[in-house]
Amino acid sequence: MTNLTQVTQYGLFVNGQWEETAESMDVLNKYTQEPAAKIAVATKDHVDVAVRSAKEALKEAFAPYARYEVLMKASQLLLERREEFAQVLAIEVGKPIRESRGEVERAAQTLQVSAEEAKRIHGEGVPVESVPGSENRMAFTLRVPVGVVAAITPFNVPVNLVCHKLGPALAAGNSVVLKPAEVTPICAIKLASLMEEAGLPKGRLQVITGDGAKIGAWLLENKDVNMFTFTGSPQVGELIRSKAGLRKVSLELGNNSATIVHKDANLDQATTLIAQKSFNNAGQVCISVQRVYVHIDIYEIFLTQLKEKTKSLVVGDPMDEKTDIGPMIRLSETERVETWVKEAVEQGANVEVGGRRNGTFYFPTILTNVNDDMKICRQEVFGPVVSVATYENVDEVIARVNDSDYGLQAGLFTNDLKFAMKAAHEIEVGGLIVNDASAYRVDHMPYGGVKKSGNGKEGPKYAIEEMTEERIIVLNL
Ligand code: NAD
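Residues numbered from 1 in each chain as written. Predicted model: local features only at pLDDT ≥ 70, side-chain atom pairs only at ≥ 80, totals over all residues. Heavy atoms only, no water.

Right, let's get into the layout of surface pockets. The computed volume of the largest pocket comes to approximately 1100 Å³. Phe230, Gly232, Ser233, Pro234 and Val236 are, among the 42 residues lining the largest pocket, the residues nearest its centre. For the lining of the largest pocket, the secondary-structure elements that each account for two or more residues are helix 7 (212-221), strand 11 (227-231), helix 8 (234-243) and helix 11 (331-346). The residue makeup of the lining of the largest pocket, split by class, is 20 nonpolar, 10 polar and 12 charged. Glu99, Arg106, Gln276, Asn280 and Val285 are, among the 32 residues lining the second largest pocket, the residues nearest its centre. Elements represented by at least two residues in the lining of the second largest pocket include exactly helix 4 (97-118), helix 5 (160-171) and helix 9 (267-277). (1 Å grid on protein atoms, 1.4 Å probe; cavity = no way out; pocket = protein on both sides within 12 Å on 5 of 7 lines; lining within 4 Å. Points joined across faces, edges and corners; volume = space filled by probe spheres on them. Helix = DSSP H or I, 4+ residues; strand = E, 2+ residues; numbered from the N terminus. Nonpolar A, V, L, I, M, F, W, Y, C, P; charged D, E, K, R; others polar.)

Structure follows, in structure tokens:
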């Protein structure tokens, strides 16, 4: 067992030192609701010192091969401690242990791919000599680090999404000031120790914990921060963009993900994947399936199969190997989901499965007879609730999928190549997944949304492009 059961106190990681603070706050075990750890609460001074030492660290050379070695080592150490990290995830997020192990393995992959990309950062030749008067010149571009990157991360995937920021930022030669979510910061703190052990030079990574809004404001006020990379809610994303001025901002925000099941789909495959991907991490996943559109001809059989598979999911203690669905992150979130479902029912929706709460648990829920304007469809539920609606034709369903403020990913189950190609062109999302649900991701693919789902891409190769500047060098002979 991890020592989190003994209420460990964690400091800030500033300039390569672990630092205690006057104030601390509790991190709860999301299953027992008891304190599992205490974290430091940073002041403005801590934030300023962290940014200054991140900037200072940039003066020391950190060559691409050295970055590769550190990130590879960190990946290897993470795999060696997979079980310890998975247990911390199960405790601080309430994520079922099997799913937690999967997240840690993916995070190790993210670090490994970032390490590999560190060796491949390159510019390109630019044929300036093709212009009259420039015959004696030649030019090429370099990709140079942006400098100090402030990384602000959400509660739901606190190992892998932190690695999606640290890996590319460090691979690109930047320094990082990381602000993990206050409700799930322990994995990020442990990752900092692991980076230190892997040989990361002092100052390249700072971890600041405490009040998200205050630390966010102090980072935004600090002109030595060159870029913000944020994953979280659209409200906070918009605030960061409005305050960041001319600095780079990369935003990975929410979604109300749609998945279409066409009349020619493999129904067993579709219902298995939708039952799984609507309720992973209690639905608290940005690409969790929220709106299912099923062709009217197969609606009854689809619903029967989906209900059957959903009913077989085990709700319970995240540490239990059998558990599929743990608690939500906090009581207020569970109550919000309960209220939204009640409102949908008052407006005519039917509860096919679930529809009930027990403390911080919300049971996996399928709603039918919904309309697209109900809150449960139009806004981001971020809980274990999926709505199933029918459609009759391809144009109609594409229009309904697009009738959303969001556009992160969508899924489409069909064997009709013509429909798949039409959807590829017309569905307004960062990613369309054919013959899987919206919630498919591997860590080296480009990942990021359009509309209110944000902008900028993650996936180490693509994040490195965001986290570097392109500089042109022109030589005159
Ligand atoms: P959140 O926006 O409440 O918090 C995210 C982070 O921002 C936390 O670290 C928090 O402390 C910090 N923060 C809070 N107020 C701030 C402020 N005023 N200034 C700066 N930082 C501030 O989001 P959450 O509840 O942790 O996560 C859920 C949201 O994240 C959902 O909308 C989900 O869709 C989204 N998400 C998106 C992706 C993606 O890749 N697109 C992945 C995971 C989660």
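Under the domain assignment used here, the protein contains domain 1 (8-253 + 454-476) and domain 2 (258-443). With centres defined by C-alpha atoms, the gap from domain 1 to domain 2 works out at 31 Å. The interface of domain 1 with domain 2 comprises 30 residues on the first partner and 27 residues on the second. Here domain 1 packs against domain 2, burying approximately 2300 Å² in sum over the two surfaces, 52% of which is carbon and sulfur. Area buried by domain 1 at its contact with domain 2 is led by Tyr31, Arg98 and Phe155, which between them contribute 24% of it. The tally of links between domain 1 and domain 2 comes to three salt bridges. Taking the shortest distance from any N to any O, the salt bridge between arginine 98 and aspartate 324 comes out at 3.0 Å. For the side of domain 1 that touches domain 2, the elements supplying multiple residues, two or more each, are helix 3 (82-92), helix 4 and helix 5. Residue contributions to the side of domain 1 that touches domain 2 peak at six residues, all from helix 4. Counted by class, the side of domain 1 that touches domain 2 contains 12 nonpolar, nine polar and nine charged residues. (Domains from an automatic or database assignment. Contact = heavy atoms within 4.5 Å. Buried area = accessible area lost by both parts, 1.4 Å probe. Salt bridge = Lys/Arg side-chain N within 4 Å of Asp/Glu carboxyl O.)

Spatial strand order, 6-7-25: three strands in an open sheet with antiparallel pairing. The open sheet terminates on both sides in strands that have one partner only, identified here as strand 6 (125-126) and strand 25 (468-476). Bridge count between strand 7 (residues 137-145) and strand 25: nine bridges; the pairing is antiparallel. Each residue of the ladder has a partner; that of arginine 137, found in strand 25, is asparagine 476. (Pairing = 2+ DSSP bridges.)

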